[in-house]
Amino acid sequence: MSKGAFERYAPFIQEYIYRKQWTDLREVQVDACNAILDTDHHVIIASGTASGKTEAAFFPILTLLEQAPAKSIGILYIGPLKALINDQFNRLSELLEDRQIPVWPWHGDVAQSVKLRALRQAQGILQITPESLEALLMKRPGDAARLFSDLRFVVIDEIHALMGTDRGLQVLCLLTRLEKMAACSPRRIALSATLNDYEPAMRFLCLGTTRDAVAVGVKAHKRTIALCAESFILPEDPKAAETLTDAYHAFIYDQCHDQKCLLFTNSRSDAESIIANMKEIAQHRQERDVFYVHHGSISTLLRQEAEDALRENTGPAVTAATLTLELGIDIGDLDSTIQLGAPFSCASFVQRLGRSGRRSGKSKMLFVDLYQPDESNPFDGLPWVLLRIIAIIQLYLEERWVEPFEIKPKPYSLLAHQTLSTLMTYGELSPSALAGKVLTLPAFQGMIDLEEYRELLRHMIDTEYLGRMESGGIIVGLKGERITNHYSFYAVFQGDTVYHVYSSAGEIGTLDSCPTIDEIFVLAGLAWKVESVDEERKRIYVCSIKGKRIPSWTSFGGSIHTKIVQRMRKILQEDTQYDYLQENALTIIQKARRLAQKASILDRDIIAFGDHSFFLCPWVGTKELQSIKALLLHELKEDLQIRAVSGGLHHLEITSGLSMDAIMSAMKTLTVNQLDPSIVLPPQQSPLIDTYDYMVPTILLQKAFLLNEMHVKDAINALRTLRTQEI
C-alpha cells in the first residue's frame, strides 16, 4: 500500500480500502491526494478509463470534509448524464454507508420528495446535471444560496465532454452565478480520460475564478491494447450483396455473442439495426439472446437493463450503443469493444477503447467496415471510412493525440438564454445592472462587447422575449415567460420534438417522427406495431410483433479534424503494412494506394475532369472544407464564374466558366475580408444553428455563423496553396 497517501486519508476511507482488499493505490490517486491536500488549486485528474479517477478525487476531498465538516452541501458533483450520476450515487453511497454524510442525486428522474429532503438537510454531496443546476439557481435562488453557503468543492466529471460546447460554457456560467449567489469560493476538481493537452483544459477550468490549476495523472495507468480492423467489400449485384451482408453480420455475431462486449455505432439507427440482426442470427442458430440496445431514445428502465446485463459477473452480454456508453458509467469488466465503421474523432476512439480491459489492463477493440466501392471517379472510389479508422489508430499509437477544444467566439444563443435565466432569478433589472451580471460571466467576458449585447437586448424586446418597463428596467417578456416556464429551457443543447413509445409493459423509448397506424418499426432491439397515437401528448401506443424496419432519428454526424484527414492522406502515400489490418482490409488499402497513385490525387489537390469541371481535394477537416464550399458559392462565385459546387465528406466537384489554370491563378492571389459574413452567406440569410438562435437578430446570427461555424482563414490558406502538379 502507498502509505504516504493512504495514511493521509480519513480512517473510514482506510477501512473502505481494506474492505475492498486493495493492495496498493494507483499513481493517479497518490498524485491527486497530494495536489488536493497540499495546495489550494483547482485540480484536473486526467488518466485512462478505470484508472481510479473517482476515488482519486473523493478520497482526499472527503478527508478534508471529515476534518472540518461543511455547514451546507460540501461537495457539488456535476455529471453530463443522468445515468452517470446514478452510477456514481451507488458508488459513493457504498463508500459513505457508515458515515453521516448524505449523498443526494438531483435530476429530472429523481423524486420531488428526495429533493425536498436535500433542501431541508443541506448537507453532504449533491449530484446534479447542468440542466437541473440551471433550474435550481433560476427557480430557487434563496434555497440555492442556503444550500451552497459553505460549498468547498465542485467535481466536474467527464469534463472533455463539456469543453468547447455551449453546455460546457453554461456550466461555467452557472458556477459563477452560484458563487456570487451563495458567497462561496469552491475549488474545482475535473475528471477526464481523453485529455492530452492539459494547458487549455486548465485555463477552461479556471475561467471565472482567481485560482490556478494543476493536472495530475498524466502518466498514470498505462495499459496494453489489442486492435484489429476488417472490411467487407459489398458487390454491386443485389443477390451477391445480400449474401455478403449476411456474412458481415455473421462475422460480428461470432466475435461477440459469447462475450461481454460493447458494439459502438455512430447513430441510433445503426445501433437498432445491428442488434435486430444479432437477434435474428441467435434465433436462427437457436442460441441465447444476449443482445441489448443503449442510446438516448431508449427508456431509462431499458438502458438500466442493458447496463445491469453488462455488469453481471457471469454470462455473455452484448449491447449496441452510441455515445451514451462512451462516458464513464461503470459497466464492469468487458472482454472487448467493437466499432462499426469509424468514430469521427480520436477523443471518441480513446473513450471507446477504454471501455474494455478495465480490470485486466488490456483493452481490445475490433473495427468492422462494410465498404461498397464507387468507381465513377477516383475520390468516391477511395475507402474513406477505413482510411479514417487507420488514421485515428495511428495518431493514437504514434502521438496519443486527441482533438484540442475550441471556446466558441460568439455564443449568442447562450447569451440570450442566460439573459432570460438571470432575469427569472432577479426580476426587473436596469440595462446596466443586467449587463453587469451577464457580460461578466465566463462565457461572455472578453467575447461579447457592450454594443453586441445592446443589439441583442433591443431585438429581444422588439420580439417580446423581453419587456421594457416605464422606469427603463428590463423584465422577461410574454414570449420569454412561455419559454422559461417549460422544462426544456434548462438545456442549451439542441433538442428535438419527440414521441414517447409505450407498450403494455411501459415506456420503450422515443422517436423523432410519428409513424402511421399499423406501421411496424424496431426500437430497443424489438419490433413493434403502432396501435394508436395520442398526438396532443406525443404518445405512440404499440404491441409486439415481428419485423425489421429500423426508424430514423435526426443525426448531425460529426466533424473530422484536419489532422485526421492529413493522416489519411499519408496512409495512401506510405507503404506501411499495419499489423492490425485483416486480409480484406489490407487488400482494400493496397488497391486504394494504387488508385491514388494512378489518379495523381496525392500530388494534386485539384484535378480536371472536363473543360470547365474539376475535383478539389485539399485534405482538410470538415469545417475547413465547408468553409471552402461556402466561399466558392458566395464570395468567389462571380470572380471564378462558379456554376455549381457539390461533393462528399472530403472532396468537392466544381463546375466553372473558367479553365483550371485561370482558377488556380486566381486562387494564388486570393484576398477576402475575413470578418464580413457575406463571404460565406447570402444577404439576409441567418442560419439557426444553436438552440436559442431564434431569439438572436440576423446581424448577430451571421457573425456567429462566420466565426463559430466556419474556419475561413484555414480555408483561404488551403486554396492559396493548392497543388496542381507532381512534387
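The structure under discussion appears in the preceding block.
What counts, and at which threshold
Residues numbered from 1 in each chain as written. Predicted model: local features only at pLDDT ≥ 70, side-chain atom pairs only at ≥ 80, totals over all residues. Heavy atoms only, no water. Helix = DSSP H or I, 4+ residues; strand = E, 2+ residues; numbered from the N terminus. Rg over C-alpha atoms; globule rule 2.2 N^0.38 Å. Buried < 20%, exposed > 50% of the residue type's maximum accessible area, 1.4 Å probe, protein only. Contact = heavy atoms within 4.5 Å. Areas by Shrake-Rupley, 256 points an atom, 1.4 Å probe, with all protein chains shown as cover. Lys, Arg positive; Asp, Glu negative; His and termini not counted. Charge placed at Lys NZ, Arg CZ, Asp CG, Glu CD. Patch = residues over 30% accessible without salt bridge, like charges linked within 9 Å, V, L, I, M, F, W, Y side chains within 5 Å. Salt bridge = Lys/Arg side-chain N within 4 Å of Asp/Glu carboxyl O. Pairing = 2+ DSSP bridges. Axes fitted to C-alpha atoms, helices over the stretch in contact; angles between N-to-C directions. Phe/Tyr/Trp six-rings, centres within 6.5 Å; stacked < 30°, edge-to-face > 60°. Lys NZ or Arg CZ within 6 Å of the ring centre and 35° of its normal. Core = buried A, V, L, I, M, F, W, Y, C linked by side-chain atoms within 4.5 Å. Polar contact = N/O pair within 3.5 Å; in protein donor to acceptor, adjacent residues only side chain to side chain. Expected span 1.5 Å × (residues − 1). Arc of directions from axis to C-beta. Parallel < 35°, antiparallel > 145°, perpendicular 65-115°, else oblique. Nonpolar A, V, L, I, M, F, W, Y, C, P; charged D, E, K, R; others polar.

> Please explain the overall build of the chain as it appears in this structure.
Secondary structure assignment for the chain yields 25 helices and 24 strands. Computed over its C-alpha atoms, the radius of gyration of the chain comes to 27 Å, within 12% of the 27 Å expected for a compact globule of 727 residues. Projected onto its principal axes, the C-alpha coordinates of the chain cover approximately 75 × 70 × 60 Å. When the 727 residues of the chain are sorted by exposure, 56% land in the buried category. The long-range share in the chain, meaning contacts at least 24 apart out of those at least 6 apart in sequence, stands at 72%. For the chain, the exposed area adds up to about 30,900 Å²; of that, 49% sits on carbon and sulfur atoms. Both charge centroids of the chain, one from 76 positive and one from 90 negative side chains, sit 4 Å from each other.

> What should I look at first to understand a negative patch on the surface in this one?
On the surface, a cluster of negative charge is contributed by D258, E287, D333 and D335. Inspection of the secondary structure assignment puts D335 in the loop between β11 (317-321) and β12 (336-340). You can call D335 partly exposed: its relative accessible area is 39%.

> Please explain the pairing of strand β20 (residues 539-544) as it appears in this structure.
Both faces of the sheet carry side chains from a regular strand, because those side chains alternate between them. Across three bridges, the pairing between strand β16 (residues 499-503) and β20 is parallel. Looking across to β20, one finds that Y502 is bridged to Y541. As defined by bridge partners, strand β19 (residues 526-534) adjoins β20 across six bridges and the pair is classed as antiparallel. Residue pairing for β20: S532 is matched across the bridge by Y541. Joining the antiparallel neighbours β19 and β20 is a turn of four residues, in which K538 adopts a positive phi near 55 degrees.

> Would you mind showing me how to read the sheet that holds strand β2 (residues 73-78) here?
Sheet strands line up and pair through hydrogen bonds in the backbone, either parallel or antiparallel. The seven strands are arranged β3-β4-β2-β5-β6-β1-β7 in an open sheet whose pairing can be described as parallel. Strands at the two margins of the open sheet, each flanked by one partner only, are β3 (103-106) and β7 (213-216). Here the strands of the sheet are splayed against their neighbours by 20 degrees on average, with no regard to which way each runs. Bridge count for β2 against strand β4 (residues 124-128) is five bridges, and the pairing is parallel. Looking at β4, one finds that I75 is bridged to I125. Against the sheet, helix α5 (residues 82-95) engages β2, β3 and β4, with an angle of about 160 degrees to β4.

> Quick question: what am I supposed to make of the pattern of salt bridges here?
Opposite charge on two side chains allows them to pair when their charged atoms are near. Under the counting rule described, the total for this entry stands at 29 salt bridges. For E55, the salt bridge identified is with R91, shortest N-O distance 2.8 Å. Of this pair, E55 sits in helix α4 (residues 53-67) while R91 sits in helix α5; the two residues are 36 residues apart in sequence, bridging distant segments of the chain. With relative accessibility at 22%, the residue R91 sits in the partly exposed group. The network of salt bridges with common partners includes E451, R454, E455 and R458.

> Explanation requested: the sheet that holds strand β13 (residues 362-371) in the structure shown.
Ordered in space as β8-β13-β12-β9-β11-β10, the six strands form an open sheet in which the pairing is parallel. Pairing within the sheet leaves two strands with one partner each, and these edge strands are β8 (224-233) and β10 (291-294). The mean inter-strand angle of the sheet, taken between neighbouring strand axes irrespective of direction, is 20 degrees. Pairing between β10 and β11: four bridges, direction parallel. Paired with F291 across the bridge in β11 is V318. Contacts between helix α21 (residues 583-598) and the sheet are confined to β8 and β13, with β8 contributing the most and set at about 70 degrees to the helix.

> Hey, could you run me through the packing of aromatic side chains in this one?
Ring pairs (aromatic) are described by centroid distance and by the angle formed between their planes. On inspection of all chains with the given rule, the structure shows 20 aromatic pairs. Here the aromatic rings of F609 and F615 are separated by 4.4 Å at their centres, their planes lie at 25 degrees, and the arrangement is stacked. The class of F609 is partly exposed, set by a relative accessible area of 42%. Put simply, the rings of Y9, Y16, W22 and F59 touch in pairs and so form one group of aromatic residues. When the ring centre of Y396 is taken as reference, the NZ or CZ atom of R400 above it lies at 4.3 Å. Taking NZ or CZ as reference, K437 lies 4.1 Å from the ring centre of Y426, over its face.

> For this particular structure, what's the right way to read the nonpolar core?
Note that soluble globular proteins tend to have their nonpolar side chains buried in a common cluster. Grouped together as the largest cluster of nonpolar side chains are 50 residues, with contacts concentrated most on I45, F58, L62, I75, I125 and I189. Per element, the largest residue contribution to this core is seven residues, and it comes from α4. Sequence-distant contacts of L62, that is, excluding residues within four places in its chain, are made with F12, I13, I75, L95, L96, I101 and I125.

> Teacher, can you tell me more about the side chain of S192 here?
Relative to the helices and strands, S192 is located in strand β6 (residues 187-192). Residue S192 is classed as buried on the basis of its relative accessible area, which comes to 1%. Side chain to side chain, S192 and H160 meet in a polar contact 2.8 Å long. Those residues in contact with S192 that lie beyond four places of it in its chain are I45, A46, S47, K53, I159 and H160.

> Just to check I follow, could you spell out helix α18 (residues 450-462) for this structure?
With 13 residues, α18 extends 18 Å between its outermost C-alpha atoms, agreeing within 8% with the 18 Å of an ideal straight helix rising 1.5 Å per residue. If you check which residues of α18 are buried, you get E452, Y453, L456, L457 and M460. Each buried residue of α18 sits inside an arc of 135 degrees when the element is viewed along its axis, so together they form one side. Where α18 is buried, its residues contact α16 (412-426), α17 (431-438), β14 (466-468), β15 (474-476) and α24 (698-709). Its side-chain oxygen placed 3.2 Å from the backbone nitrogen of E451, D449 serves as the N-cap of α18. Following α18 by one or two positions, E464 adopts a phi angle in the positive range, close to 70 degrees.

> Is there a simple way to explain the packing of helix α14 (residues 346-353) against helix α15 (residues 384-399) in this structure?
Axes are the key here: two packed helices are described by the angle between their axes and the distance separating the axes. Packing of α14 against α15 leaves a shortest axis separation of 10 Å and a crossing angle of 75 degrees. In terms of axis orientation, α14 runs roughly perpendicular to α15. In contact with C346, F349, V350 and L353 of α14, α15 contributes I392, I393, L395 and Y396. Residues belonging to the contact of α14 with α15 are distributed by class as follows: eight nonpolar, no polar and no charged.

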